[in-house]
Amino acid sequence: MTTIALSDPGWQTTFPHRVTPLYEEWFAGLLLRCDEANHWASGTTFTCLKQVSSPNRPILLPQLSVPMPDQVEYVAERLALPVQEIRSTTYLPDLARCYGLPHPLPGDLKPSLTFRICPVCLTESRLLKRTLVLRYVSYCAWHEVTLLSTCQCGSPLRLFDPQSLPFTCGTCGRGWVDLPRISPTPERIAVTRQLLSCYECFLSWGNPIFVNQALHAVVHAWEEEIVRGRKLPVQRLSYRKSSYPPVESNHVSSLSVLVLNLVKYHVYYDPKVVFWGQEDWE
Amino acid sequence: MPLSEQERPPFVLRRNFILTPFEKRFQGILQNARQNRSWHIIAAVPGSGKSLGIHDFVRHSGAYKEADGRTFLPVLAIRAPGEGSTEQALGQALSDTFGVVPKMPWYARRTWLIQEMAGDQVECIIADDAQDFSRHHLAFLKKLTDDLAAPPYEHPVGLCLVVAHSGNVAPFKEVFSRPEILWRQFRRRLDTEQPICTVLGHTADEVRLVLTAFEDLYRSQLPDLQLRLWADSIFEWLTHPILDPDATGRVTMDHLTRLVTTSLRRTYEQGATNVTAATLQAVADLMILRRDEITIIDDVPPEEFPPEQGVG
């Protein structure tokens, strides 16, 4: 449905202003654009969403990448758009295909816990891309700028802040579009490109057999490391100690961890992404 | 040869909006207010068709919501809020016309409303059943429209307070006669030429026109329908002092619709294809003489019909 007339029943069930997802837009970015189009404070649409299924349970950042089906349906109804179109702003369809799951959960992806932005994407089209939430991805592949998680005033960027306008810093009021563009190091670019390429591989045409084979390949790589008597890399140890908040999962190996290991142990290697220097894993 | 009841499907009540002479007069003022952003108090007796007229006017105002964020709502129609005489209650009613609006503090909603009305290019506010407005409602409407007319929006808005009245009492006379500056300001904003208008019902000739429209509406069910023949009689019945207590000498659309639809249903159920004077007379008697008669209902009806809907 493109246009809603006043006589349509949809008039009373939609927000005053409707927005349509942009190409590769992230669900949370769509909610923020909805706030902006409706002249609402940052997070107003999100507050509506919270009241849909579990009003008393906090929604964490991972749940905005893999939301509940009724939350997706709620947004689709309020914007009078097909549910499929809203689902495409999440990782629900990709994870469902990848793992063969009817209802993917946030723990199946384990996206990044830090909210980050690309100031150039925002300047061009108020876009928060879906890939911003992919763990270990630290720069925007479209614009080759480092993703930012803090404002120039030093405050961490908050996705939703009821005291401020959408896409602005809640502390100093600076627009996110005004944040500096920082070029990543070539080492960082190399790693991130491999990660993105691997993510894309799974998210575009992954299936349960493919995931299983990948898991076996990672285990095999670990075994080889042990046979060779090498120490486990520090990063991996620290990763194992790191805490990820308990989020619901279908008890599958999370995609972000799988991708990290595949790239790190060079099980996955995209020859198109050429880099001859030292990889930066920090 | 009349068709038997068994051969016919049930009688279907047509609920189409008829652009009657009353509606033309009424919508003419609404259109004037929209075009010139003028303020009017519009009165008509209950059952004239004010609410249906507003509904039709809003439907054809060209409002839309596009998927790219653009929304156009030139005519904003509300009813007096049933719950609460506060300005918050009216603010909520105004917000609801835009669609789903999340809960927000009153100060935020008030600011949002002004911004939204300017952004959606609201040209005219129509308040139905405005006789139920409290002083707080009227004061809020004035403040709201003042804020819209002032910078940065500089967006004047027309206002129509549509009231049901009876007798020759001027609507809001008591409110506007108060000494407070607010009411003098409100009064001053009303249109110079037509500040308070009373829209009259239908004359005998106009009743004939409406009956023609009814003939067209029900032609498929009653092929030989001739209602116009009875226009003068119908006018006489429907201007009886019981149905026209203010002695306006005009017919309301509600009475006319009730008389016609009840008569046509009876005619249809009898298997006839045209209405008779006796049927019309019987229904008119029912409306005039047996208006307060209590019907004892003890048996189970053989078939259910949807309730008749009046206007106004």
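Undergrad: Would you mind showing me how to read the overall build of chain B here?
TA: For chain B, the helix and strand inventory stands at 11 helices and seven strands. Each principal axis of the C-alpha distribution contributes one length, and for chain B these read about 75 × 45 × 40 Å. Relative to its 312 residues, chain B shows a buried fraction of 37%. Within chain B, counting contacts between residues at least 6 apart in sequence, those at least 24 apart form 75% of the total.

Undergrad: It is not clear to me how the overall build of chain A should be interpreted in this structure. Could you clarify?
TA: Helix and strand counts for chain A come out as 11 helices and three strands. The secondary structure elements of chain A, listed N-terminal to C-terminal, are β-α-α-α-α-α-α-α-β-β-α-α-α-α. For chain A, the proportion of its 282 residues judged to be buried stands at 41%. A sequence separation of at least 24 residues applies to 68% of the contacts in chain A between residues at least 6 apart.

Undergrad: Would you take a moment to explain the sheet that holds strand β5 (residues 124–128) of chain B for this structure?
TA: Pairing between the strands of a sheet is mediated by backbone hydrogen bonds and can be parallel or antiparallel. Residue and element names in this part refer to chain B. Taken in spatial order, the five strands line up as β4-β5-β6-β1-β7 in an open sheet, and their pairing is parallel. The open sheet is flanked by β4 (75–79) and β7 (196–198), the only strands paired with a single partner. In this sheet, adjacent strand axes meet at a mean angle of 20° when their direction is disregarded. Sheet topology places β4 next to β5; five bridges connect them, and they run parallel. Across the sheet, residue Val75 finds its bridge partner in β5, namely Cys124. Contacting β1 (39–44), β4, β5, β6 (158–164) and β7, helix α1 (residues 21–36) crosses the sheet at an angle of about 155° to β6.

Undergrad: Explain helix α5 (residues 135–149) of chain B here, please?
TA: Counting along an α-helix, one turn takes 3.6 residues, and residues three or four places apart therefore face a common direction. All names here are of chain B. Between its terminal C-alpha atoms α5 stretches 21 Å, which fits the 21 Å expected from 15 residues at 1.5 Å a residue. Listed as buried for α5 are His137, Leu138, Phe140, Leu141, Leu144 and Thr145. The arc that holds every buried residue of α5, seen down its axis, measures 160°, which confines them to one face. The secondary structure elements touched by the buried residues of α5 are α3 (87–96), α4 (106–119), β6, α6 (173–176) and α7 (181–189).

Undergrad: Could you clarify how one ought to interpret the interface of chain A and chain B in this entry?
TA: Where the parts come together, the accessible area they lose is often given as the size of the interface. The partner chain B presents 20 residues to the 22 residues of chain A that form the contact. The class makeup of the residues in the side of chain A that touches chain B is nine nonpolar, 11 polar and two charged.

Undergrad: How should I be thinking about helix α11 (residues 255–264) of chain A in this particular structure?
TA: Residue and element names in this part refer to chain A. With nine of 10 residues buried, α11 lies mostly within the body of the structure. Those residues of α11 that fall on the buried side of the exposure criterion are Leu255, Ser256, Leu258, Val259, Leu260, Asn261, Leu262, Val263 and Lys264. Among the residues trailing α11, His266 stands out with phi positive, at a value near 55°.

Undergrad: Sorry if this is basic, but what is going on with the packing of helix α8 (residues 186–205) of chain A against α11 of chain A here?
TA: Each pair of packed helices can be described by the angle between their axes along with the distance between the axes. All names here are of chain A. As a packed pair, α8 and α11 sit with axes 9 Å apart at the nearest point and diverge in direction by 125°. Regarding the angle of α8 to α11, the classification is oblique. Between α8 and α11 lies a crossing of right-handed hand. In contact with Gln194, Leu195, Cys198, Tyr199 and Phe202 of α8, α11 contributes Leu255, Val259, Leu262 and Val263. Tallied by class, residues from the contact of α8 with α11 come to eight nonpolar, one polar and no charged.

Undergrad: So what exactly am I meant to see when it comes to the sheet that holds strand β2 (residues 64–66) of chain B here?
TA: A sheet is described by the order of its strands in space; here three strands give the open sequence β1(A)-β2(B)-β3(B), paired in antiparallel fashion. Among the strands making up the open sheet, the edge pair consists of β1 (3–5) of chain A together with β3 (71–72) of chain B. Here β2 of chain B pairs with β3 of chain B via two bridges, running antiparallel. Bridge pairing in β3 of chain B places Lys65 of chain B opposite Thr71 of chain B.

Undergrad: Any chance you could explain the pairing of β1 of chain B here in plain terms?
TA: Every regular strand shows the same layout, with side chains that alternate between the two sheet faces. All names here are of chain B. A large share of β1 lies buried, amounting to six of its six residues. Both β1 and β6 contribute to a ladder of six bridges, which runs parallel. Each residue of the ladder has a partner; that of Ile41, found in β6, is Leu161. Across three bridges, β1 lies against β7 in parallel orientation. Across the sheet, residue Ala43 finds its bridge partner in β7, namely Thr198.

Undergrad: Is there a simple way to explain the domain arrangement of chain B in this structure?
TA: Residue and element names in this part refer to chain B. Segmentation of chain B into domains returns domain 1 (21–198) and domain 2 (202–288). In this structure, domain 1 and domain 2 have C-alpha centres spaced 34 Å apart. Each partner contributes to the interface: domain 1 provides eight residues, whereas domain 2 provides nine residues. Class assignment of the residues belonging to the side of domain 1 that touches domain 2 gives a composition of three nonpolar, five polar and no charged.

Undergrad: Just to check I follow, could you spell out the environment of Leu101 of chain A for this structure?
TA: By secondary structure assignment, the location of Leu101 of chain A is in the loop between α5 (92–99) and α6 (106–109). Sequence separation between Leu101 of chain A and Gln51 of chain A is 50 residues; the distance between their C-alpha atoms is 26 Å.

Rules used in this analysis
- Residues numbered from 1 in each chain as written.
- Chains lettered and ligands numbered in written order.
- Predicted model: local features only at pLDDT ≥ 70, side-chain atom pairs only at ≥ 80, totals over all residues.
- Helix = DSSP H or I, 4+ residues; strand = E, 2+ residues; numbered from the N terminus.
- Buried ≥ 20, exposed ≤ 12 C-beta atoms within 10 Å, placed from the backbone.
- Contact = placed C-beta atoms within 7 Å.
- Pairing = 2+ DSSP bridges.
- Axes fitted to C-alpha atoms, helices over the stretch in contact; angles between N-to-C directions.
- Expected span 1.5 Å × (residues − 1).
- Arc of directions from axis to C-beta.
- Nonpolar A, V, L, I, M, F, W, Y, C, P; charged D, E, K, R; others polar.
- Parallel < 35°, antiparallel > 145°, perpendicular 65-115°, else oblique.
- Left-handed = near helix turned anticlockwise from the far one by under 90°.
- Domains from an automatic or database assignment.

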